[in-house]
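What follows is the residue order along each chain.
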Amino acid sequence: MARNGVTGEQVAHVAEELEKAGKPVTVNTVRSALGETGSYTTISKYLRGWRQQRGDAVLPKAVERSAIGLLAGIWRALNRSVGRRNDQRLAEVEKALRRNEKEIKKLRVELEESERAVAALEAELGKIRGNVESE
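Everything quoted here is computed from the prediction, not taken from an experiment. (Residues numbered from 1 in each chain as written. Predicted model: local features only at pLDDT ≥ 70, side-chain atom pairs only at ≥ 80, totals over all residues. Heavy atoms only, no water.)

The helix and strand tally for the protein stands at 4 helices and 0 strands. Ordered by position from the N terminus, the helices and strands of the protein form the series α-α-α-α. Counting only C-alpha atoms and orienting by the principal axes, one finds that the protein spans roughly 130 × 30 × 30 Å. Across the 135 residues in the protein, those meeting the buried criterion constitute 11%. Long-range pairs, those at least 24 residues apart, make up 41% of the contacts in the protein with a sequence separation of at least 6. (Helix = DSSP H or I, 4+ residues; strand = E, 2+ residues; numbered from the N terminus. Buried < 20%, exposed > 50% of the residue type's maximum accessible area, 1.4 Å probe, protein only. Contact = heavy atoms within 4.5 Å.)

What follows concerns a nonpolar patch on the surface. Taken together, Leu70, Leu71, Ile74 and Leu78 make up a surface patch of nonpolar side chains, about 400 Å² in accessible area. One can find Leu70 in helix 4 (residues 61–134). On the basis of relative accessible area, Leu70 is assigned to the exposed category, the value being 55%. (Patch = residues over 30% accessible without salt bridge, like charges linked within 9 Å, V, L, I, M, F, W, Y side chains within 5 Å. Areas by Shrake-Rupley, 256 points an atom, 1.4 Å probe, with all protein chains shown as cover. Salt bridge = Lys/Arg side-chain N within 4 Å of Asp/Glu carboxyl O.)

The tally for this structure, following the rule as stated, stands at 4 salt bridges. A salt bridge links Glu36 to Arg31; the shortest N-O distance between them is 2.8 Å. A salt bridge links Arg89 to Glu92; its shortest N-O distance comes to 3.3 Å. Highlighted residues: Arg89 and Glu92, both in helix 4, separated by 3 residues, approximately one helical turn. With relative accessibility at 47%, the residue Glu92 sits in the partly exposed group.

This part is about the environment of Glu9. The topology assignment puts Glu9 in helix 1 (residues 8–20). Taking the C-alpha atoms as reference, Glu9 lies 12 Å from Gln53; in sequence the two are 44 residues apart.

Turning our eyes to something else, we now look at the nonpolar core. Counting residues in hydrophobic clusters, the biggest one holds 12 residues: Val6, Val11, Ala12, Val14, Ala15, Leu18, Val25, Val30, Leu34, Ile43, Leu47 and Trp50. Only helix 1 and helix 3 (40–54) provide two or more residues apiece to this core. In terms of residue count, helix 1 provides more of this core than any other element does, 5 residues in total. Apart from residues no more than four positions distant in its own chain, Ile43 is found in contact with Val6, Val11, Val27, Val30, Arg31, Leu34, Thr37 and Gly38. (Core = buried A, V, L, I, M, F, W, Y, C linked by side-chain atoms within 4.5 Å.)

Moving on to helix 3. An α-helical turn contains 3.6 residues, so any two residues separated by three or four positions project in the same direction. Taking 1.5 Å of rise per residue, 15 residues should cover 21 Å, and helix 3 covers 21 Å from first to last C-alpha, within 8% of that figure. All of the buried residues in helix 3 are Ile43, Leu47 and Trp50. Each buried residue of helix 3 sits inside an arc of 60 degrees when the element is viewed along its axis, so together they form one side. With respect to the buried face of helix 3, the exposed residues turned more than 90 degrees away are Thr41, Gln52 and Gln53. Next to the buried residues of helix 3 lie helix 1 and helix 2 (27–33). (Expected span 1.5 Å × (residues − 1). Arc of directions from axis to C-beta.)

In terms of backbone geometry, most residues other than glycine have negative phi values and most peptide bonds are trans. Not every positive phi belongs to a glycine, and Glu36 is a case in point at roughly 60 degrees. For Glu36, a relative accessible area of 47% corresponds to the partly exposed category.

Right, dumping it as structure tokens:
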């Protein structure tokens, strides 16, 4: 018994409905919408025809693979470049942090010296007040 396959019209209709609904038009989504009927090869053939009739660009597989390879290479190069820039920026920030930590230590030492000087001056002031009051 011969089996009834899907037609180009059915595939085109489902593809248009999927597109109107904002869903991706793929062999899998079309086959699912058709009720899991039709071979992947047949649906793919009809989808290619539907896209060509609409003027959609259908790339040959070799061109698609080359374009993907080229884009992947560009992506890797950009990631390396960004990574190097991030590494350089991180090194600059770490250097500035070390400088700031040194400055903070220096300021803490100065603060401690100032506090000791203030304490000594307060003690001296206390002695002077004591002398003035005793006179």
